[in-house]
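Summary of structural features
Listed below are the residues making up each chain.
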Amino acid sequence: ALALQADVADSQAVNAAAAAIRRELRHVDALVNNAGLAMASQFQDITDDQWRRMLDVNLTGMFLASQAAVVPMLAQGKGTIVNICSTYGLNGPDQRLYERPDGTRSFKPVYYSVTKAGVLGFTRYLAAYYAGKNIRVNALTPGGVYNQHDEVFVKAYSAKTVLGRMANLDEMSAATLFLASDASSYMTGSNLIVDGGWTAW
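Described below are features of the structure shown in this document.

What counts as what
Residues numbered from 1 in each chain as written. Predicted model: local features only at pLDDT ≥ 70, side-chain atom pairs only at ≥ 80, totals over all residues. Heavy atoms only, no water. Core = buried A, V, L, I, M, F, W, Y, C linked by side-chain atoms within 4.5 Å. Buried < 20%, exposed > 50% of the residue type's maximum accessible area, 1.4 Å probe, protein only. Helix = DSSP H or I, 4+ residues; strand = E, 2+ residues; numbered from the N terminus. Contact = heavy atoms within 4.5 Å. Pairing = 2+ DSSP bridges. Axes fitted to C-alpha atoms, helices over the stretch in contact; angles between N-to-C directions. Arc of directions from axis to C-beta. Polar contact = N/O pair within 3.5 Å; in protein donor to acceptor, adjacent residues only side chain to side chain.

The next subject is the nonpolar core. In terms of nonpolar packing, the biggest core is built from 18 residues, with Leu 31, Met 73, Ile 81, Leu 126, Tyr 130, Ile 135 and Val 137 touching the most fellow members. Counting only elements with at least two residues in this core, the list comes to α2 (48-76), α3 (110-129) and β3 (135-142). Once residues within four sequence positions are removed from consideration, Val 137 is found in contact with Ile 81, Asn 83, Thr 123, Leu 126, Ala 127, Thr 188, Gly 189 and Ser 190. If you look at the next biggest cluster of nonpolar residues, it comprises 8 residues, including Tyr 88, Tyr 98, Tyr 112 and Phe 153.

And the structure:
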C-alpha cells in the first residue's frame, strides 16, 4: 500500500501524486474518483467562492485525476476509471429529509446536485473519447450510505427506498470492484445505480 495526500483541485499536487504512484508502483490499473465536498447551505446564501470551490473539488478534481491516470493507462494499453456520482445527480434532493422535529433544518446544496450531474456527462464523454484504447470509464451512483446519521434522518430516508433502509458502508465495495475489474469488461459509459430502489419509484 502507498498512501499519498493531495488536493485534487490542485493540478500540481495531483500530478506529483501521479508521478509518485508511477515511480513506486510502475502502473495504474484503475482510478476511482471519489473526492467531494457538500456543505449544507441555502441556495441564496452560497457565495461565489463557495460555488467555485465545490466545482473545483467535485468536478475539476475528477478531470485532473483522470488526466493524470490516463497517461500510464495509455502506455500500458489498459485501464478503468470509476467516477462516483449520486442519486442527487439524477434527481433533485428532497429537502424535507433535512427538516427536524424542533423546526431546525439543513439543506442539500445546489452545487452537489450540479456537480454530480456533471459526473455523468464527464463519464460518457471520456468513455467515448477513449473508444478503441481499452480504457473503460463508468459511473457508480450510490444511494444514501449510513454513516452515523441521526435517527430522524435514517427513518425518513429509509422510507423512500424500496428496501426500506440506508446502505451499509461496505455495500458499495463490490460494485466499485465490479466496475474497476474485468468483471465489467463489456461496460463503458454506463452508470451503475446502487440505491436500494430509491430511484425505482
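Moving on: the sheet that holds β3. Strand order in the open sheet formed by 4 strands is β1-β2-β3-β4, with parallel pairing between adjacent strands. Either end of the sheet is taken by a strand with one partner, and the two such strands are β1 (30-33) and β4 (191-194). Between one strand axis and the next, the sheet turns through 20° on average, direction left out of account. Note: strand β2 (residues 79-84) against β3, 6 bridges, orientation parallel. Opposite Ile 84, over in β3, you have Leu 140 as the bridge partner.

Turning our attention to the pairing of β1. Residues Leu 31 and Asn 33 of β1 are buried on one face, while the alternating residues Ala 30 and Val 32, pointing to the opposite face, are not. Here β1 runs beside β2; their pairing, made up of 4 bridges, is parallel. Looking at the pairing, Val 32 lines up with Val 82 of β2.

Helical geometry: 3.6 residues make up each α-helical turn, so side chains three or four residues apart lie on a common side. Among the residues of helix α4 (residues 151-158), Phe 153, Tyr 157 and Ser 158 are the ones counted as buried. One face of α4 carries all of its buried residues, which in axial projection span an arc of 120°. Opposite the packed face of α4, turned more than 90 degrees from it, sit the exposed residues Glu 151 and Lys 155. Structurally, the start of α4 carries an N-cap: the backbone nitrogen of Val 152 is 3.1 Å from a side-chain oxygen of Asp 150.

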